Amino acid sequence: MASDRSLVVLAFGIAAIIVCLVNAEKGDIDISICENMTESNTTSCAEKIANGDLPSVVCYRMDRRHKECCETCLRYRVTGETEACRYGDGEPSRCTGKDFQPSTCYYREYQTCCQTCRQYVKTDTTGKQRTQCKYGDRNPDQCMGSSFHPGQCYNKERYSCCETCPKYIRKDRNGRDLECKYEDNPKSCRGKNFDESTCYWRYRGECCHACRRRVRTFGVLKSPPTGDCKYGDRRPEFCKSLDPYDCNDNEGSCCQTCAPFQLTIKGCKYGDFPIIFDTDEGIFDCTDYLAVYGPEQCEDSLIRDKCCHTCWKSEKTKNISLLLATPLRIPDEE
């Protein structure tokens, strides 16, 4: 029985090679691609196929490894297919049925369902096959039903819902996309719970219209914030308890809160460092320390750096005192 089976396998392999040679004479197959490969020391591909393995599964895995497999698999090549899809669908059972959707081709187009997926490639307005969104929405279930709103397209347009979202784009009278090209999502962008600080990352998202109406000008502030602060503080609750010096590290997050604290003193944007001097006379902050030990302490570079605002005020007071103490010289009359 075993010998009969071996003969069948051998005959199958010989037949495959004969077919290859016949086709090669017609110019259909180039058997030279197998010449420099080593012989297999395992079960032959012809035997695997004879035992019921799918030719495409066997050949995609083995035809580049061994000479025998290469020659056997030549007969299973699909005419007209690309080299990447030379045996058609690698796993045909996964390319049909109710569980198969065109969107699955984004993940199975290479070998697994390469031949089937080709028929689902969409075309553009000129009739050419697309290179982007080539199989439509990647996640169709996210692009329909009550849970979907066009406002979500700012985040899904280029990936999950690339086919559906362009249908909701709003345009001006010249046919150009509006800056806020999708409607706001009413569930996220209305009501007292809407936090305008979220506009920093949602402006080009589902609340584009709502955020445009909340841009601040800060025209009434003596020291308007610099940089991007059009929606106020990014972390409103955190910024409420901020001390001026903390703005050195949190200016970006608390741009609105920090703006009034800004000084025009070079190297001293937000005032004294919160330093404590533990001395024989007691524990002092910058103001009390200079009051007890004198403004000359500012000659120390470390103290001048940590008490920059207090030292600046001391220097300014000194200059005013010197100015007032200078006698006013009146020119003699001729």
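Residues numbered from 1 in each chain as written. Predicted model: local features only at pLDDT ≥ 70, side-chain atom pairs only at ≥ 80, totals over all residues. Heavy atoms only, no water.

(A) Focus on the overall build of the chain. Of regular secondary structure, the chain possesses 16 helices and two strands. Considering the chain as a whole, with its 334 residues, one finds that 34% of them fall into the buried category. Contacts in the chain between residues at least 24 apart in sequence constitute 48% of all its contacts with a sequence separation of at least 6. Put simply, the chain shows about 22,000 Å² of open surface, and 50% of that area lies on carbon and sulfur atoms. (Helix = DSSP H or I, 4+ residues; strand = E, 2+ residues; numbered from the N terminus. Buried < 20%, exposed > 50% of the residue type's maximum accessible area, 1.4 Å probe, protein only. Contact = heavy atoms within 4.5 Å. Areas by Shrake-Rupley, 256 points an atom, 1.4 Å probe, with all protein chains shown as cover.)

(B) View of helix α14 (residues 286–293). What α14 keeps buried is the set Cys-286, Tyr-289 and Leu-290. All buried residues of α14 project into a common sector of 95 degrees when viewed along the axis, lining one side. Capping the start of α14 is the job of one residue whose side-chain oxygen sits 3.3 Å from the backbone nitrogen of Thr-287: Asp-285. Phi turns positive, to about 95 degrees, at Gly-294, one or two residues after α14. (Arc of directions from axis to C-beta. Polar contact = N/O pair within 3.5 Å; in protein donor to acceptor, adjacent residues only side chain to side chain.)

(C) Looking closely at the pattern of salt bridges. Taken as a whole, this structure holds 14 salt bridges when the rule is applied. Across the salt bridge formed by Arg-176 and Asp-172, the nearest N and O atoms sit 3.3 Å from each other. A relative accessible area of 51% means that Arg-176 is categorised as exposed. On the basis of relative accessible area, Asp-172 is assigned to the partly exposed category, the value being 26%. Overlapping salt bridges, with partners in common, bring together Asp-63, Arg-64, Arg-77, Glu-83 and Arg-86 in one network. (Salt bridge = Lys/Arg side-chain N within 4 Å of Asp/Glu carboxyl O.)

(D) How the structure looks around the state of the cysteines. Counting across every chain of the model gives 18 disulfides. A disulfide bridge connects Cys-85 with Cys-114, and the sulfur atoms are separated by 2.0 Å. Measuring the twist about the S-S bond at about 80 degrees, one finds the Cys-85-Cys-114 disulfide to be right-handed. On the criterion of sequence distance, the pair formed by Cys-85 in the loop between α4 (67–73) and α5 (105–108) and Cys-114 in helix α6 (residues 114–118) is long-range, its members being 29 residues apart. Residues Cys-85 and Cys-114 agree in their burial class; the two are buried. For Cys-229, the disulfide goes to Cys-255, at an S-S distance of 1.9 Å. (Disulfide = S-S within 2.5 Å.)

(E) Here's a closer look at the nonpolar core. Core analysis: the largest hydrophobic core is formed by 11 residues, namely Cys-45, Ile-49, Val-58, Cys-59, Tyr-60, Met-62, Cys-69, Cys-73, Cys-85, Tyr-87 and Cys-114. Ranked by residue count, the leading element in this core is helix α3 (residues 55–62), at four residues. (Core = buried A, V, L, I, M, F, W, Y, C linked by side-chain atoms within 4.5 Å.)

(F) Quick look at the confidence of the model for the chain. Residues with a pLDDT of 70 or more make up 81% of the chain, whose mean pLDDT is 80. Throughout residues 1–27 the model reports pLDDT below 50, and contacts reaching past four residues in sequence, or to other chains, amount to 22 contacts. (pLDDT = per-residue confidence, 0-100.)

(G) Examining the environment of Cys-199 more closely. Mapping Cys-199 onto the fold places it in helix α9 (residues 199–202). If sequence neighbours within four positions are ignored, Cys-199 has contacts with Phe-194, Cys-211 and Tyr-231.

(H) Representation of the packing of aromatic side chains within the structure. If you walk through the whole model with that rule in mind, you get 10 aromatic pairs. When the ring of Phe-148 is compared with that of Tyr-168, the centres are 5.9 Å apart and the planes differ by 55 degrees; the resulting orientation is tilted. Pair noted here: Phe-148 is in the loop between α6 and α7 (153–156) and Tyr-168 is in the loop between α7 and α8 (186–189), with a separation of 20 residues, a long-range link. Given the relative accessible area of 38%, Tyr-168 is considered partly exposed. (Phe/Tyr/Trp six-rings, centres within 6.5 Å; stacked < 30°, edge-to-face > 60°.)

(I) Focus on the side chain of Gln-152. You can see Gln-152 is positioned in the loop between α6 and α7. On the basis of relative accessible area, Gln-152 is assigned to the buried category, the value being 15%. There is a polar contact of 3.1 Å between the side chain of Gln-152 and the backbone oxygen of Ser-147. In this structure Gln-152 touches Ser-147, Asn-185 and Glu-206, once residues within four positions along its chain are discounted.

(J) Spotlight on α3. Regarding α3, the residues found buried are Ser-56, Val-58, Cys-59, Tyr-60 and Met-62. Buried residues in α3 make contact with α2 (45–50), α4 and α6.

(K) Structural context of the environment of Thr-310. Considering the arrangement of structural elements, one finds Thr-310 in helix α16 (residues 308–325). The contacts of Thr-310, once residues within four sequence positions are left out, are Asp-272, Cys-286, Thr-287 and Leu-290.

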